[in-house]
Amino acid sequence: MQNKIENIDDWNCLFQAAENGNVAAQEEVAMHYHFGLEIKELKIVVADPKKAVYWTKVAMENGSLEAMLNYANYLSEDDAIFCEKDVDKAISLYEMAIRRGSKAASFNLGCLYRDLGDFTKAFALYVYTDADANDEEAWPDIRIGLCYYYGIGVEKDRLKALQYFKKMVLGKREMLSGYEFNELNYLIGKMYLEGEIVEQSLEMARYHIELADEDGDHRSAQELLYLIGRSKRN
């Protein structure tokens, strides 16, 4: 819905729509109670965790998938600012949201299982989140490659890790943060330098390690470049 709120009257109209059963308005009211809203130094909405949870639950009960995800997030938080923690309920809601097609729910549930120490379930959910490249909700998760690299939640397989890292930097560059792009190139370069799972290639190692240090702030990459030297293009 995302109504443009510029004053108290706009807020009152949105709130009235929420009270009248408009689910999108209920989601937006919950959001504003979560963060608060200030326009030109005028406080329109004071952040109120209890009201944020209340309206999130109302929207969820009226069928909102986004609200279901947000309510599960509240229930899984450690700080109990918004509501008392209830991991079992959070897991149940995440699973319901996953059945309704939410990749964000699978990602969050994977993180929750990670925190609970169940790395096998966490890994499976990371893979589900990343599974469909044509799915608009799917996004690349470098933790899949890192799990293969270190053997967390899955049998260690550094060749699969390398293949996954390459797929990320070559095929999904625009979806990676600068940090992720640099770190993946560092790990790729390191594997070519080590020569344990692929034939050692200083040229390939140097290429990727230089990409990792493209901003001149990757100290680990710089240490390796001191060892093997930089290319002439640099």
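Heads up: these notes are all about the structure in this document. Because the structure is predicted, anything quoted here is derived from the model rather than measured. (Residues numbered from 1 in each chain as written. Predicted model: local features only at pLDDT ≥ 70, side-chain atom pairs only at ≥ 80, totals over all residues. Heavy atoms only, no water.)

### Regarding the overall build of the chain
Note the cut-off: Counting from the N terminus, the helices are the DSSP runs of H or I reaching at least four residues and the strands are the DSSP runs of E reaching at least two. For a compact globule the rule gives 2.2 Å times the number of residues to the power 0.38, and the radius of gyration it is set against comes from C-alpha atoms. A 1.4 Å probe rolled over the protein chains alone gives each residue an accessible area, and that area as a share of the maximum for its type sets the label: buried under 20%, exposed over 50%, partly exposed in between. What makes two residues a contact is simply this: any of their non-hydrogen atoms within 4.5 Å.
Looking only at helices and strands, the chain features 12 helices and two strands. Along the chain, helices (α) and strands (β) appear in the sequence α-α-β-β-α-α-α-α-α-α-α-α-α-α when read from the amino end. For the chain, the C-alpha radius of gyration of 23 Å lies well beyond 17 Å, the compact-globule estimate for 234 residues. Along the first, second and third principal axes, the C-alpha atoms of the chain reach 65 × 40 × 35 Å. When the 234 residues of the chain are sorted by exposure, 43% land in the buried category. Long-range contacts, defined here as pairs at least 24 residues apart, represent 42% of the contacts in the chain between residues at least 6 apart.

### Describing the packing of aromatic side chains
Selection rule: Each pair of aromatic rings taken from Phe, Tyr and Trp, with Trp reduced to its six-membered ring, is defined by centres within 6.5 Å and is described as stacked if the planes are under 30 degrees apart, edge-to-face if over 60, and tilted in the remaining cases. In this analysis the charged atom, NZ for Lys or CZ for Arg, is taken to sit over a ring once it is within 6 Å of the ring centre and within 35 degrees of the ring normal.
For the coordinates displayed, the defined rule picks out eight aromatic pairs. Taking the centre distance of 5.8 Å and the plane angle of 45 degrees together, the rings of Trp11 and Phe15 count as tilted. With a gap of four residues between them, Trp11 and Phe15 both fall in helix H1 (residues 8–19), about one helical turn apart. Phe15 carries the same exposure label as Trp11, and that label is buried. With a centroid separation of 5.2 Å and 85 degrees between ring planes, the pair formed by Tyr54 and Trp55 is classed as edge-to-face. Of the residues examined, Trp55 reaches a relative accessible area of 8% and is grouped as buried. Taken together, the ring pairs connect Trp11, Phe15, Tyr33, Tyr54 and Trp55 into an aromatic cluster. If you follow Arg143 out to its NZ or CZ, it ends over the ring of Tyr126, 4.7 Å from the centre. In this structure, Arg158 packs its charged tip against the face of Tyr149, placed 3.8 Å from the ring centre.

### What to know about a nonpolar patch on the surface
We count it as follows: Patches draw on residues past 30% relative accessible area with no salt bridge. Two like charges within 9 Å are joined, as are two nonpolar side chains (Val, Leu, Ile, Met, Phe, Trp, Tyr) within 5 Å. Areas reported as accessible are Shrake-Rupley estimates using a 1.4 Å probe. Residue values count occlusion only from the protein chains shown. By convention in these notes, a salt bridge is any Lys or Arg side-chain nitrogen within 4 Å of a carboxyl oxygen on Asp or Glu.
Together, Phe119, Tyr150 and Ile152 give the surface a local cluster of nonpolar side chains, amounting to about 290 Å² of exposed area. In this structure, Ile152 sits in the loop between helix H8 (142–150) and helix H9 (158–171).

### Things to note about the pattern of salt bridges
Going through the model one piece at a time under the given rule, you end up with five salt bridges. A salt bridge links Glu38 to Lys43, with the shortest nitrogen-to-oxygen separation between them at 3.5 Å. Exposure remark for Lys43: the relative accessible area of 55% places this residue in the exposed category.

### Focus on helix H5 (residues 87–99)
Stated precisely, the cut-off is as follows: Expected helix span is taken as 1.5 Å per residue step, with the number of steps being one fewer than the number of residues.
For H5, which comprises 13 residues, the first-to-last C-alpha distance of 18 Å matches the rise-based estimate of 18 Å (1.5 Å per residue) to within 8%. In the core, the buried residues of H5 are packed alongside helix H3 (49–61), helix H4 (65–76), helix H6 (103–115) and helix H7 (119–130). Backbone geometry just downstream of H5 places Gly101 in the positive-phi region, at approximately 100 degrees.

### Some remarks on the pairing of strand E2 (residues 42–45)
What counts here: Strands pair, by our definition, only if DSSP identifies at least two bridges between them.
As paired elements, strand E1 (residues 37–39) and E2 share three bridges and run antiparallel to each other. Residue pairing in the sheet places Leu37 in a bridge with Val45 of E2. The antiparallel hairpin formed by E1 and E2 contains two residues in its connecting segment, where Lys40 sits at a positive phi of about 50 degrees.

### Quick look at the nonpolar core
Stated formally: Each nonpolar core is a collection of buried residues, namely Ala, Val, Leu, Ile, Met, Phe, Trp, Tyr and Cys, held together in the definition by side-chain atoms within 4.5 Å.
Formed by 70 residues in total, the largest nonpolar core has its most connected members in Trp11, Val29, Tyr33, Trp55, Tyr94, Leu109 and Phe165. Here this core gets eight residues from one element, more than from any other, and that element is helix H10 (residues 178–194). Beyond its immediate chain neighbours, meaning those up to four positions away, Trp55 contacts Phe15, Ala18, Glu19, Gln26, Val29, Ala30 and Tyr33.

### Observations concerning the environment of Arg100
This is how the line gets drawn: By the criterion applied in these results, polar contacts are pairs of N or O atoms within 3.5 Å in which, for protein atoms, one can donate a hydrogen and the other can accept it, and in which residues neighboring in sequence qualify only through two side-chain atoms.
Among the secondary structure elements, Arg100 is positioned in the loop between H5 and H6. Expressed as a C-alpha distance, the spacing of Arg100 and Leu65, which sit 35 residues apart in the sequence, is 7.8 Å. With near-sequence residues (within four places) excluded, Arg100 lies in contact with Gly63, Ser64, Leu65 and Met68. In this structure the side chain of Arg100 is engaged in a polar contact, spanning 2.9 Å, whose partner is the backbone oxygen of Gly63.

### Points about the side chain of His32
With respect to the secondary-structure elements, His32 resides in helix H2 (residues 23–35). On the basis of relative accessibility, which here comes to 9%, the residue His32 falls in the buried class. Leaving out residues up to four positions away in the same chain, His32 has contacts with Ile5, Trp11, Leu14, Leu37 and Val45.

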